[in-house]
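Here's the letter readout for the chains.
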Protein chains: 2
Amino acid sequence: MKKYNTSPISGMQELLPGLQAEFNRLKSGIAEAIHAHGFQNIETPTIDRTEILLAKAGGDTEKQIYKVVKTAETADDADQALRFDHTVPLARYTVEHMNDLAFPFKVSQIGRNFRGERAQKGRFREFYQCDADIIGWGTLPIAYDAEAIAALIDAMQVLPLPSIKVRVSNRKLLNGLLEELNLNGQSKEIFDIIDHAEKVPHEATISALTELGIGSEDIDKVMKFIAINGSRDEVIPRLREFGFGNTGFNEGVAELDEVLTILERKLERLSGSGVSGEPSTEASRVLPTSVVADMMIVRGLDYYTGTVFETIVPEHREIGSICGGGRYENLASNYTEQKLPGVGGSIGLTRLFYILQNYGLVEASSIKPVDVCLVPFSAAEFATAEELAEKLRKDGRRVDIAMTDKRLGDKMKYAAKVADSAIAIGQDEVRSGKFMVKDLTTGEVTEL
Amino acid sequence: MKKYNTSPISGMQELLPGLQAEFNRLKSGIAEAIHAHGFQNIETPTIDRTEILLAKAGGDTEKQIYKVVKTAETADDADQALRFDHTVPLARYTVEHMNDLAFPFKVSQIGRNFRGERAQKGRFREFYQCDADIIGWGTLPIAYDAEAIAALIDAMQVLPLPSIKVRVSNRKLLNGLLEELNLNGQSKEIFDIIDHAEKVPHEATISALTELGIGSEDIDKVMKFIAINGSRDEVIPRLREFGFGNTGFNEGVAELDEVLTILERKLERLSGSGVSGEPSTEASRVLPTSVVADMMIVRGLDYYTGTVFETIVPEHREIGSICGGGRYENLASNYTEQKLPGVGGSIGLTRLFYILQNYGLVEASSIKPVDVCLVPFSAAEFATAEELAEKLRKDGRRVDIAMTDKRLGDKMKYAAKVADSAIAIGQDEVRSGKFMVKDLTTGEVTEL
């Protein structure tokens, strides 16, 4: 026999059923919380025109996109590739269907995206992203920036993490500062340096800025700016102290103020419900959550123009951001003259789930696929077992029947692997219609 | 501006949010019913090694498979392609993880598969399939054939169809017959002819068999055999009348008898619960369902070895099969010496959903994405709206807030598009804490 390699391709997630059930539970919990905020789910095709996918892209994206080879029967089609995120297909979708959508269009996308990156632990080439976006028609009030983040905060409540901290900033602030310092010609390079500032020593950031030819006085101002973080009360006055007449900067302060005001109100209610012990139905539990302004957050070279945010796990800062996003001025400028400002964010669930596993925060064994496994002694009891199974399923229980012709002990072993409890069915049970339920963890036996 | 084509690629499903919600409801309903039978969900990567995917394949599959171009950073990997069904990745998965699985392994897979077929109405190049399979370790009792079909019957209860008919046969019967007639050398060709017999006139089938050089007496026997269909009581005696000493044929009769016995018992209970009006929680309603034996069912050139089945909608026979499958002797003979017999079936949901739309059996408008839309008069009422929204979400309701700065009338228009009801919030409501709910269909106003 030819020897095949049956492992999945490197960079692909493949879970055993117990972990898959846990993954699915988190995915559903995230989806439910986002939909509870009035977001509508859509799905775009996995395969799209390369021309569309790469219209705005550059750099790594173009190198990492998976192109698809046309088959003999699809040869006439345009060049095709696998989508690498949800934003580009969303732009195409919104333009294609704009006459049939209600704006602001609150939209969720939960699906698999693809990037052919170098194989590396914790990096995935196929990965689930859970996106929530709000697209305006011409304009979109800043309150929606807070709403997008609020929906994602509710979504994250389902995650088995010690706590989360949402760090918010606004691109207009740094842009305004650089404008005032006449450094906006180098904003790309400076954004990149600030984006990495957290991961390197203080001095490395200064010397990187110096290398760009920026004077030490200006560097001081930039360093002072990116060090600003804290609650709204702490941050907004300090930003005002910068005292620029710069319009963009002042807009940024006002927008950040509004977003923080709404989110801090939300957190008070969230922690209120946590203190009273009242469980939130938006999630199975209340996850300690904080929101701060933090001028270190720029979201690198992405296309954001206003609000930007990232989410970290303070106990495990090394994880990096688990949910980030921001405001974009115009979703689909490549495909339409209609201005479509938007705001949104994304949870990278596949990577996050991998991390949760590594930290021992999710376990496969917590959920058994079956509530009750029925164990008929022989085929003579099948009919009774089937009838009982259907009754129990009507009560919402997951029920399996051990139909193998193995010995009773082997069937009970199977039951213990897949189920929380078992009901053995012999001729006595068939006659009496009375069934004993054995708890497979405690061994306790009770009548059904 | 360069003009982009923003339509999805031909052969790809892309739904508006209202239809997507309905699609998702059917998909979840199918998943829940299958899981209620104790099937465990798994997901395999969309991209797999071409060598694995094509190990058993041939014919159309090889022509229709989408190969994926490796990127600079994945260049060292094996050749890759998109999975075209769930069975091949399941075989690889089962072999790869066999030491960690409980057998019989009852497994569900619900995801997207890909075939680069010629563009054609109702044919999809990317399509959801909902699969339920049971894999045995060495052996797998025939009762599991009935269990796989029973789970899929429960899954189909969620479908908005007038009725369904499950047609069951067993490959061993036709194989046994051809062996007795010394025609087993031509079984591939004969299977193919019988598979198409339903779509062509009686005479065309006869002449196709004649063209193979089969004598008229033997053709008579084949034609008489494939005409056999009906309930267990009708069919089993007629099959026994064929009176072969052929071992395979007799095995086939016994297996078909057992499968039909279990499924007819199931249907009695199913229609019983329908008659009493008691709703099944396995589905939202009871779909009129019948099961018959039908010797016309062979499942073409597929790899089945025993039980085979297809499901039709008797009122719309032109649709063809909406759910089919069967027993395979050995799931993964290419990858392991371990014998892994299995049985399973699949619902092609994307194609089915397209058909349901064409027959007017699903509509987008039936579900609004939001239960209640809150309409604050101005930003001054946002805090009250947010608090109320969170309370309502805790009661399991989907709540949106119209945060635009448009006139009240425009906000109510938005609410009418996305929600079933609306609550306007002005300073009076903020002070009193009393809210009036307006039903957006009837116009009726009630206090919350």
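Fair warning: this is a prediction, and the values are worked out from it, not measured in the lab. All chains use their own residue numbering, which begins from 1 and follows the written sequence. Naming scheme: in the order in which they are written, chains are lettered from A and ligands are numbered from 1. Residue-level local features of this predicted model are given only where pLDDT is at least 70; pairs of side-chain atoms are given and counted only at 80 or more, and the full residue set underlies all totals for whole chains, interfaces and linings. The side-chain quantities take in all heavy atoms of the structure and omit both hydrogens and water.

Undergrad: Explain the overall build of chain A here, please?
TA: Numbering of helices and strands starts at the N terminus; helices are DSSP runs of H or I of at least 4 residues and strands are runs of E of at least 2. Within chain A, the regular secondary structure consists of 15 helices and 17 strands. Counting only C-alpha atoms and orienting by the principal axes, one finds that chain A spans roughly 90 × 65 × 45 Å. Using a 1.4 Å probe on the protein chains alone, a residue whose accessible area is under 20% of its type maximum counts as buried, one over 50% counts as exposed, and one in between counts as partly exposed. Every one of the 448 residues in chain A was classed for burial, and the buried ones make up 58%. The criterion used for residue contact is that any of the two residues' heavy atoms lie within 4.5 Å. A sequence separation of at least 24 residues applies to 70% of the contacts in chain A between residues at least 6 apart.

Undergrad: Just to check I follow, could you spell out the pairing of strand E10 (residues 307-312) of chain A for this structure?
TA: All names here are of chain A. Across the six residues that make up E10, a large majority, six, are buried. Side chains of E10 alternate between two faces, with Thr307, Phe309 and Thr311 and Val308, Glu310 and Ile312 buried alike. The sheet contact formed by E10 and strand E11 (residues 323-328) spans two bridges and is antiparallel. Within the sheet, the bridge partner assigned to Phe309 lies in E11 and is Gly325. One requirement defines pairing of two strands: DSSP has to find at least two bridges between them.

Undergrad: When you look at the relation of the copies chain A and chain B in this model, what are you seeing that I'm missing?
TA: Here the copies are matched by least squares. The fit uses the C-alpha atoms of residues with pLDDT of at least 70 in both. Superposing chain A onto chain B takes a rotation of 180° plus a shift of 0.0 Å along the axis, which leaves an RMSD of 0.0 Å. On the angle and the small slide along the axis, the relation comes out as a two-fold axis. For chain A, the residue whose C-alpha comes nearest the rotation axis is Val68(A), separated from it by 2.3 Å. When the interface residues of chain A are mapped onto chain B, 100% of them again lie at the interface, so the same face is used by both copies.

Undergrad: What should I look at first to understand helix H6 (residues 171-180) of chain A in this one?
TA: For an α-helix, 3.6 residues make a turn, and residues three or four places apart therefore share a direction. All names here are of chain A. With seven of its ten residues buried, H6 lies for the most part within the structure. Residues Arg171, Lys172, Leu173, Leu174, Gly176, Leu177 and Leu178 constitute the buried set of H6. Where H6 starts, the residue carrying a side-chain oxygen 2.9 Å from the main-chain nitrogen of Lys172 turns out to be Asn170. Pairing of N or O atoms within 3.5 Å defines a polar contact, subject to two protein rules: one partner must be a possible hydrogen donor and the other a possible acceptor, and residues neighboring in sequence count only if both atoms are side-chain atoms.

Undergrad: Hey, could you run me through the pattern of salt bridges in this one?
TA: Oppositely charged side chains are able to pair whenever their charged atoms sit close together. Any Lys or Arg side-chain nitrogen located within 4 Å of an Asp or Glu carboxyl oxygen qualifies as a salt bridge. Inspection of the entire model under this criterion finds 56 salt bridges over all chains. Members of the salt-bridge network, linked through shared partners, are Asp154(A), Arg265(A), Lys266(A), Arg269(A), Glu386(B) and Glu390(B).

Undergrad: I would appreciate a short explanation of the confidence of the model for chain A in the present structure.
TA: Residues and elements named next belong to chain A. The predictor attaches a confidence to each residue, called pLDDT, with possible values from 0 through 100. This prediction gives chain A a mean pLDDT of 92; 95% of its residues lie at or above 70. Throughout residues 274-284 the model reports pLDDT below 50, and contacts reaching past four residues in sequence, or to other chains, amount to 17 contacts. Two numbers describe this predicted complex: its pTM, 0.94, and its ipTM, 0.93.

Undergrad: How should I be thinking about the interface of chain A and chain B in this particular structure?
TA: Many authors give the size of an interface as the accessible area that is lost as the parts come together. Contact with chain A, which involves 111 residues of that partner, is made by 111 residues of chain B. In total, chain A and chain B occlude about 9900 Å² of area from one another, counting both sides; carbon and sulfur atoms represent 52% of this. Three residues, Tyr4(A), Glu43(A) and Lys394(A), lead the burial of chain A against chain B; their summed loss comes to 7% of the area buried on that side. Our enumeration of links across chain A and chain B arrives at 16 salt bridges. One salt bridge connects Lys106(B) with Asp400(A), and the closest N-O pair in it is separated by 2.5 Å. Here chain A and chain B share 55 residue pairs in polar contact (both at pLDDT 80 or more) between them. The element that contributes the greatest number of residues to the side of chain A that touches chain B is helix H13 (residues 382-394) of chain A, accounting for seven residues. Each residue is assigned to one class: nonpolar for Ala, Val, Leu, Ile, Met, Phe, Trp, Tyr, Cys and Pro, charged for Asp, Glu, Lys and Arg, and polar for all the others, Gly among them. Tallied by class, residues from the side of chain A that touches chain B come to 44 nonpolar, 27 polar and 40 charged. Once two parts are joined, some of their accessible surface, as seen by a 1.4 Å probe, is lost; buried area is that loss totalled over both.

Undergrad: Any chance you could explain the pairing of strand E5 (residues 105-114) of chain A here in plain terms?
TA: Side-chain positions along a regular strand alternate between the two faces of the sheet. Residue and element names in this part refer to chain A. For E5, the buried fraction is high: ten of the ten residues fall into the buried class. Across two bridges, strand E1 (residues 40-41) lies against E5 in parallel orientation. By the bridge assignment for E5, Gln40 is matched with Val107. Examined bridge by bridge, E5 and strand E6 (residues 126-135) share ten bridges and lie antiparallel to one another. Looking at the pairing, Arg112 lines up with Tyr128 of E6.

Undergrad: Just checking my understanding: could you explain the sheet that holds strand E14 (residues 399-401) of chain B for this structure?
TA: One key point about sheets: their strands pair by backbone hydrogen bonds, in either a parallel or an antiparallel sense. Residues and elements named next belong to chain B. One open sheet holds the five strands; their spatial order is E14-E13-E15-E16-E17, and the pairing between them is mixed. The open sheet has two edge strands, E14 and strand E17 (445-447), and neither has a second partner. In this sheet, neighbouring strand axes are inclined to one another by 30° on average, regardless of whether the strands run parallel or antiparallel. In the sheet, strand E16 (residues 436-439) pairs with E17 via three bridges, with the strands oriented antiparallel. In the sheet register, Met436 faces E17, and the bridge partner there is Glu447. Throughout, an axis means a line fitted to C-alpha atoms (over the contacting stretch in the case of helices), and angles, computed between N-to-C directions, take values from 0 to 180 degrees.

Undergrad: Would you take a moment to explain the side chain of Glu126(A) for this structure?
TA: Turning to its location among the elements, Glu126(A) is positioned in strand E6. Relative accessible area serves as the criterion here: at 4%, Glu126(A) is assigned to the buried category. Separated by 2.4 Å, the side chains of Glu126(A) and Thr46(B) make a polar contact. Those residues within four positions of Glu126(A) in sequence are excluded, and the remaining contacts are Gly11(A), Met12(A), Arg112(A), Asn113(A), Phe114(A), Thr350(A), Pro45(B), Thr46(B) and Ile47(B).

Undergrad: Looking at this structure, I do not really get the packing of aromatic side chains. What am I missing?
TA: One pair of aromatic rings is described through two measures. These are the centre distance and the angle between the planes. Residues and elements named next belong to chain A. Aromatic pairing here means that ring centres of Phe, Tyr or Trp (its six-membered ring) are within 6.5 Å. Orientation follows from the plane angle: under 30 degrees is stacked, over 60 is edge-to-face, and everything else is tilted. Per the counting criterion, the structure on display carries 24 aromatic pairs over all chains. Both rings, one in Tyr93 and one in Phe105, keep their centres 6.4 Å apart while their planes meet at 10°; by these two values the pair is stacked. With Tyr93 in helix H4 (residues 87-96) and Phe105 in strand E5, this residue pair connects regions lying twelve residues apart in the sequence. Exposure class is identical for Tyr93 and Phe105. Each is buried. When the centroid spacing of 6.1 Å and the interplanar angle of 40° are considered together, the rings of Phe242 and Phe249 count as tilted. For the residue pair Phe242 and Phe249, the accessibility class agrees, reading buried in each case. An aromatic cluster of three or more residues is present, and its members are Tyr93, Phe103, Phe105 and Trp137.

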